[in-house]
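Inside the fold
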Amino acid sequence: MPTDLSGFLQNQKALVTGGNSGIGEGCALALGAAGASVAVNYISDEPEAHRVVAAIRQMGRDAIAIQADVSKEEDVQRMFAETIRQFGTIDILINNAGLQQDAPFHEMTLRQWERVIGVNLTGQFLCAREAAREFLRRGVVPEVSRAAGKIICMSSVHEVIPWAGHVNYAASKGGVMQLMKSMAQELAPKKIRINSIAPGAIRTPINRLAWETPAALQALLTLIPDRRIGEPEDIARTAVWLASDFSDYITGATIFVDGGMTLYPGFATGG
Ligand code: BGC
């Protein structure tokens, strides 16, 4: 598989929320490999963020680690101000930070509901708003990109697949879908492109229980027509492409990167 991404994002400045682990880490590394300077946001695991930053610097790119809870307006504003101070501007936002707090519906607490909506949906709103403000201020710089800026929202197959036991998470991702599309519609005339990636089951800490044991993995694979679990690189390569001018005419789209999980695999032999 070709893995040489160098040059795709030369001289661009990126911020990846939740860039210290899982899909965010994969995106941060791939953006660095593609030539971008990368701000790696984390909420609490500072050593992991510094590990990712060191790996990007190893590639000869600029990288910084920035702590912020994306659900808090003042944290998000501080994070953008700091990134712009260090990098000069921002061209790419990977709106990735997200979490699950699962519970049967009748037992779900308001705290669990609010925390998941707060990080997964309000967090994407707050970060996209700060990014859009910077893109509008700066406008298009033709030597850098045909767009004034690119936002990639990390959604999920659960923006369309209902998910029992995870109503807060599914509701947050359904919300991300309309947040993304409405922002894309509003900001397209300003040359700001906004798209989502909807990952299926990707091997990361968020769903460890679903792949850790052979029995769990076997059960999971019945939901994936491609019969393999995804890796962070599957998402990261898509993110690099969506952030680059190779996708310049794409805005308001959700790209499903899911091995066919959204193809109703139960109907492959029935119905
Ligand atoms: C969730 C994972 C899950 C996957 C497929 C993701 O959005 O975070 O826990 O494995 O969707 O169901």
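Basis of the calculations
- Residues numbered from 1 in each chain as written.
- Predicted model: local features only at pLDDT ≥ 70, side-chain atom pairs only at ≥ 80, totals over all residues.
- Heavy atoms only, no water.
- Helix = DSSP H or I, 4+ residues; strand = E, 2+ residues; numbered from the N terminus.
- Rg over C-alpha atoms; globule rule 2.2 N^0.38 Å.
- Buried < 20%, exposed > 50% of the residue type's maximum accessible area, 1.4 Å probe, protein only.
- Contact = heavy atoms within 4.5 Å.
- Areas by Shrake-Rupley, 256 points an atom, 1.4 Å probe, with all protein chains shown as cover.
- Lys, Arg positive; Asp, Glu negative; His and termini not counted.
- Charge placed at Lys NZ, Arg CZ, Asp CG, Glu CD.
- Expected span 1.5 Å × (residues − 1).
- Near = heavy atom within 4 Å.
- Polar contact = N/O pair within 3.5 Å; in protein donor to acceptor, adjacent residues only side chain to side chain.
- Pairing = 2+ DSSP bridges.
- Right-handed = clockwise from strand over helix to strand, strands pointing away.
- Disulfide = S-S within 2.5 Å.
- Core = buried A, V, L, I, M, F, W, Y, C linked by side-chain atoms within 4.5 Å.
- Phe/Tyr/Trp six-rings, centres within 6.5 Å; stacked < 30°, edge-to-face > 60°.

1. Considerations on the overall build of the protein chain
Helix and strand counts for the protein chain stand at eight helices and seven strands. For a compact globule of 271 residues, the expected C-alpha radius of gyration is about 18 Å, and the protein chain comes in at 18 Å, within 12% of that figure. Expressed along its principal axes, the backbone C-alpha trace of the protein chain runs to roughly 55 × 45 × 40 Å. Going through the 271 residues of the protein chain one by one, you find that 51% of them count as buried. Partitioning the contacts of the protein chain with sequence separation of at least 6, the portion at a separation of at least 24 is 73%. With the model as given, the accessible surface of the protein chain reaches about 12,700 Å², and the carbon-plus-sulfur share is 56%. Between the averaged position of the 25 positive side-chain charges in the protein chain and that of its 28 negative side-chain charges there is a distance of 4 Å.

2. Observations regarding helix α2 (residues 46-58)
With 13 residues, α2 should reach 18 Å at 1.5 Å per residue; the first-to-last C-alpha distance of 18 Å fits that figure. In the core, the buried residues of α2 are packed alongside α1 (22-33), β2 (37-42) and β3 (63-67).

3. What to know about unusual backbone geometry
When glycine is set aside, most residues are seen to have a negative phi, and most peptide bonds are trans. A positive phi angle, near 65°, is found at N11, a position not held by glycine. On the secondary structure map, N11 appears in the segment before β1 (13-16).

4. Some details on the site of the ligand
The immediate surroundings of the ligand are formed by Q100, S156, H158, W163, Y169, G200, A201, I206, N207 and M261. A distance of 2.7 Å is found between an oxygen atom of the ligand and a side-chain nitrogen or oxygen belonging to S156. In the environment of the ligand, an oxygen atom lies 3.2 Å from a nitrogen or oxygen atom belonging to the side chain of N207. Relative to its free-state accessible area of 310 Å², the ligand is covered by the protein chains to the extent of 90%.

5. A word on the pairing of β3
When β2 meets β3, the two strands line up parallel, connected through five bridges. In the strand pairing of β3, V40 is matched with A65. Between β2 and its parallel partner β3, the chain crosses via α2, and the hand of that crossover is right-handed.

6. Thoughts on the state of the cysteines
Enumeration according to the criterion identifies zero disulfides in this entry. You can see C153 has no disulfide; the closest cysteine sulfur is in C127, sitting 9.9 Å from it. Using a relative accessible area of 0% as the deciding quantity, one classes C153 as buried.

7. Looking at the environment of Q178
Its place among the elements puts Q178 in helix α5 (residues 167-187). Expressed as a C-alpha distance, the spacing of Q178 and E159, which sit 19 residues apart in the sequence, is 9.5 Å.

8. Brief notes about the nonpolar core
The biggest cluster of nonpolar side chains holds 32 residues, and the ones touching the most others in it are L31 and I94. Listed by contribution, the elements that provide at least two residues to this core are β1, α1, β2, α2, β4 (92-95), β5 (149-154) and α8 (232-243). By residue number, the principal contributor to this core is α8, which donates six residues. Residues within four places of I94 in sequence aside, it is in contact with L15, V16, T17, C27, L31, I152, M154 and A239.

9. Regarding the packing of aromatic side chains
Across all of its chains, the model carries three aromatic pairs by this definition. Considering the side-chain rings of W163 and Y169, the 5.7 Å spacing of their centres and the 70° angle between planes classify their relative orientation as edge-to-face. Classification of W163 by relative accessible area gives partly exposed; the value is 26%. Y169 gets classed as buried once you look at its relative accessible area, which sits at 10%. Considering the side-chain rings of Y264 and F267, the 6.4 Å spacing of their centres and the 85° angle between planes classify their relative orientation as edge-to-face.

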